[in-house]
Amino acid sequence: MVSGARGPDSTGSRTAVFAGFQEFGVTYDTASTPSLTGLTLELHSDKLTLITGPSGSGKSTLVRVLAGFIPRLLHGKIEGSAEVLGNDVESAPPNSITDSIGMVFDNPFDQLTAATKTAFDETAYALENEGLHPAEIVDRVMGALESVGLADLAGHHPRRLSGGQSQRLAIACALAQQKPILVLDDPTSQLDPTGTAEVVSMVGKLRREHTTVVLVAQDLTHWLAIADRLVILDGGRVTADGSPASLLAEPGLLADQVMIPRYVAIWAELRSRGIELGDRAPLGTDQLLASLQASDGAGG
Amino acid sequence: MEADTTTWSPARVAALYDVGNTWLHRVHPLTKLAAVLPLTVAGFAGDSIRVPAVILIVAVLTLLVSRLGSVVLKSLRLIAPMTFALFVIHGVVRPYESEPIASWGPISINAEGLALAGTTAARLAVFVIAVTSAMTTVHPKVFATALIQRGVSHKLAYAYLAGAELLPEMRLRASQILDAQQSRGFDTKGSLPRRFRTLFALLKPLLVSSLIGVEMRTLALESRGFSRLGRRTSAVEVEDRGKLLQRSLLAAAIPLVVLAILW
Ligand SMILES: Nc1ncnc2c1ncn2[C@@H]1O[C@H](COP(=O)(O)OP(=O)(O)O)[C@@H](O)[C@H]1O
Ligand SMILES: [Mg+2]
């Protein structure tokens, strides 16, 4: 039972493992080459695991397995094994995984049910399918919309929300279902800067409330500061895994696989010119500034 | 892109809804739906325009008095193109035995044809106005909930609701792609072969983006319990009432069919 196991994660603290992949591989029925291969990875509760890698490296495939979509809904040949919340992904009963994992996709609108006229109804949809009492549905929906800051827009048509609001609505749907784990597949890749900021601060808030988050992002700029762990995929396998600050300490080595945030690139450049900035990469512009000021102070 | 007002799809029907609180809004959705059948059948009574015309006049007056003039307008928009086509086919195009009442060169208008076109159009109008009255005054979700309460599968109800939402989305996507193509220098006017080339250029990304959208929506629905077995509830509570009235309305269609055949 993976879910009961305990083990150290890369940050050194000990938390429960909720998903484990062993030499895992997926070849979609419609593809000739594997999209994931020989992938070994454990994911921990109460952490934000940030997954990155080049386009086509298998990030979406990995989170689709995690969310219970592969191989049940999207068929493919499986190798090795993967367990999510104690269920083997190949033999898990219907809904056993999807009931516990909330999923937010990259396109804010394609993930709407398209069968509702209000943000309220959109959020209520899953609860109606669960057969909850109408009064409980109202409570949970309003609670969820409240916590993503959309309570005022409950009566708005979901398609008329902005991209950022729509992504928050997708998060609200998972919250209303009280799913303990949230998986986001590049949730800001199709958003403008305002929408991106909304979603980043929303995920930050959920982390402070101890929601377990697995987040795929090709652009790491906004996420490093709240990530507990960074996993890099390339060619369908894990090529690096560790704390963001130590993994990015040698950004040059990762440049083929990772879009290096500007503050990390500047830090690396300054360091290569002999400025003493420590050996942990900054995880945001603020941290870069702080280490610059510290080195200034030390230097004279 | 103009709305295709002549197509009768669940999407168009679900999209008819207008917010309001008239007496017709308060009638149970399935009662309104059940009333469509006897009304439509009654429109076929007699072999002239008389019966459907009387039904239409009463219906239009009732709607106007009930402040539901919008229903009349929507119905007109829906039947106008069909009516026009009927008059062209029956009045002008179809050859008749009797003498034409007017003719210009090859075009001639025939009284028999006009009467037939008028009667057919009026019968059609009775059906359209009945459906439009029902669907303009019931929120799609309330309608779907009422259907599910009576045992209609929730997947069918979903298809009905999603139809209404996805049609405009497809249209929007098509026009966005078209805009993008135009801004890339594609000619949407130009000669016929050019326009065909544009059409193909338009269709491919539309198809691809729709398919990706469908896959994502399927997964998203699944993570919201779409295929879950067991009882479902609805956040809107629809009182399950009017069964007897609804059955009576449906039953009333039977003597009306007999009447329409015999008359
Ligand atoms: N539904 C699918 N059917 C077939 N092949 C797919 C499908 N989805 C992704 N792939 C392929 O699997 C590989 C990994 O894709 P994906 O997991 O989407 O990567 P990423 O999210 O990192 O861009 C790619 O080569 C892609 O073409
Ligand atoms: Mg992807």
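Cut-offs used in this document
Residues numbered from 1 in each chain as written. Chains lettered and ligands numbered in written order. Predicted model: local features only at pLDDT ≥ 70, side-chain atom pairs only at ≥ 80, totals over all residues. Heavy atoms only, no water. Helix = DSSP H or I, 4+ residues; strand = E, 2+ residues; numbered from the N terminus. Buried < 20%, exposed > 50% of the residue type's maximum accessible area, 1.4 Å probe, protein only. Contact = heavy atoms within 4.5 Å. Areas by Shrake-Rupley, 256 points an atom, 1.4 Å probe, with all protein chains shown as cover. Core = buried A, V, L, I, M, F, W, Y, C linked by side-chain atoms within 4.5 Å. Near = heavy atom within 4 Å. Polar contact = N/O pair within 3.5 Å; in protein donor to acceptor, adjacent residues only side chain to side chain. Nonpolar A, V, L, I, M, F, W, Y, C, P; charged D, E, K, R; others polar. pLDDT = per-residue confidence, 0-100. Pairing = 2+ DSSP bridges. Buried area = accessible area lost by both parts, 1.4 Å probe. Salt bridge = Lys/Arg side-chain N within 4 Å of Asp/Glu carboxyl O.

Explain the overall build of chain B to me, using residue names and the numbers behind them.
Within chain B, the secondary structure is distributed over 10 helices and 2 strands. Listed N to C, the secondary structure of chain B is α-α-α-α-α-β-β-α-α-α-α-α in terms of helices and strands. The buried share of chain B, reckoned over its 263 residues, is 41%. At a minimum sequence separation of 6, the contacts of chain B that also span at least 24 residues come to 73%. Accessible area of chain B: about 14,700 Å², with a carbon and sulfur share of 69%.

Now, about the nonpolar core: what can you tell me, with residues and values included?
Residue and element names in this part refer to chain A. Counting residues in hydrophobic clusters, the biggest one holds 58 residues, and the most contacted among them are Leu50, Ile171, Leu184, Val203, Leu215, Trp223 and Leu224. A per-element tally of this core places helix 4 (residues 163-176) first, with 6 residues. In contact with Leu184, other than residues within four places in its own chain, are Val104, Ile171, Val203, Val213, Val214, Leu215 and Val216. Counting residues in each nonpolar core, the second largest holds 37 residues, with Val26, Leu36, Ile78 and Val216 among its members.

Give me helix 1 (residues 59-66) of chain A: which residues, what numbers.
Residues and elements named next belong to chain A. Counting buried positions over the 8 residues of helix 1 gives 7, a clear majority of the element. Taken together, the buried positions of helix 1 are occupied by Lys59, Thr61, Leu62, Val63, Arg64, Val65 and Leu66. Gly68 sits one or two positions beyond helix 1 and adopts a positive phi of about 85°.

Describe in detail the site of ligand 1, supporting the description with residues and values.
All names here are of chain A. Surrounding ligand 1, one finds 13 residues, the nearest of these being Ser35, Gly56, Lys59, Ser60 and Thr61. In the model, an oxygen atom of ligand 1 is placed 2.8 Å from a nitrogen or oxygen of the Ser60 side chain. Calculation on ligand 1 without its partners gives an accessible area of 550 Å², and the protein chains cover 67% of this total. Considering each element in turn, the shell around ligand 1 owes the most residues, 4 residues, to helix 1. Taken together, the residues of the shell around ligand 1 break down into 2 nonpolar, 8 polar and 3 charged.

How would you sum up the confidence of the model for chain A? Please name residues and give values.
Averaged over chain A, the pLDDT score is 90; the fraction of residues at 70 or greater is 94%. The low-confidence segment residues 1-12 of chain A, where pLDDT is below 50, has 31 contacts with residues more than four positions distant or belonging to other chains.

Lay out the environment of Ser108 of chain B with the relevant residues and their values.
Residue and element names in this part refer to chain B. Mapped onto the fold, Ser108 is located in strand 2 (residues 107-109). By relative accessible area, which is 25% here, Ser108 ends up partly exposed. Setting aside its immediate chain neighbours within four residues, Ser108 contacts Gly91, Val92, Pro100, Ala102 and Ser103.

Go over the pairing of strand 11 (residues 237-242) of chain A, please, and point to the residues and values.
All names here are of chain A. As paired elements, strand 10 (residues 229-234) and strand 11 share 5 bridges and run antiparallel to each other. Bridged to Asp234 within strand 11 is Arg237. Where strand 10 hands over to strand 11, the hairpin turn is made up of 2 residues, of which Gly235 adopts a positive phi near 60°.

Which residues make up the interface of chain A and chain B, and what values go with them?
Often, the extent of an interface is quoted as the loss of accessible area on bringing the components together. Each side of the interface is counted separately: chain A has 39 residues, and chain B has 32 residues. Of the roughly 3,200 Å² buried between chain A and chain B, counting both surfaces, carbon and sulfur atoms make up 52%. Seen at the junction of chain A and chain B, the total is 4 salt bridges. Seen at the junction of chain A and chain B, the total is 14 residue pairs in polar contact (both at pLDDT 80 or more).

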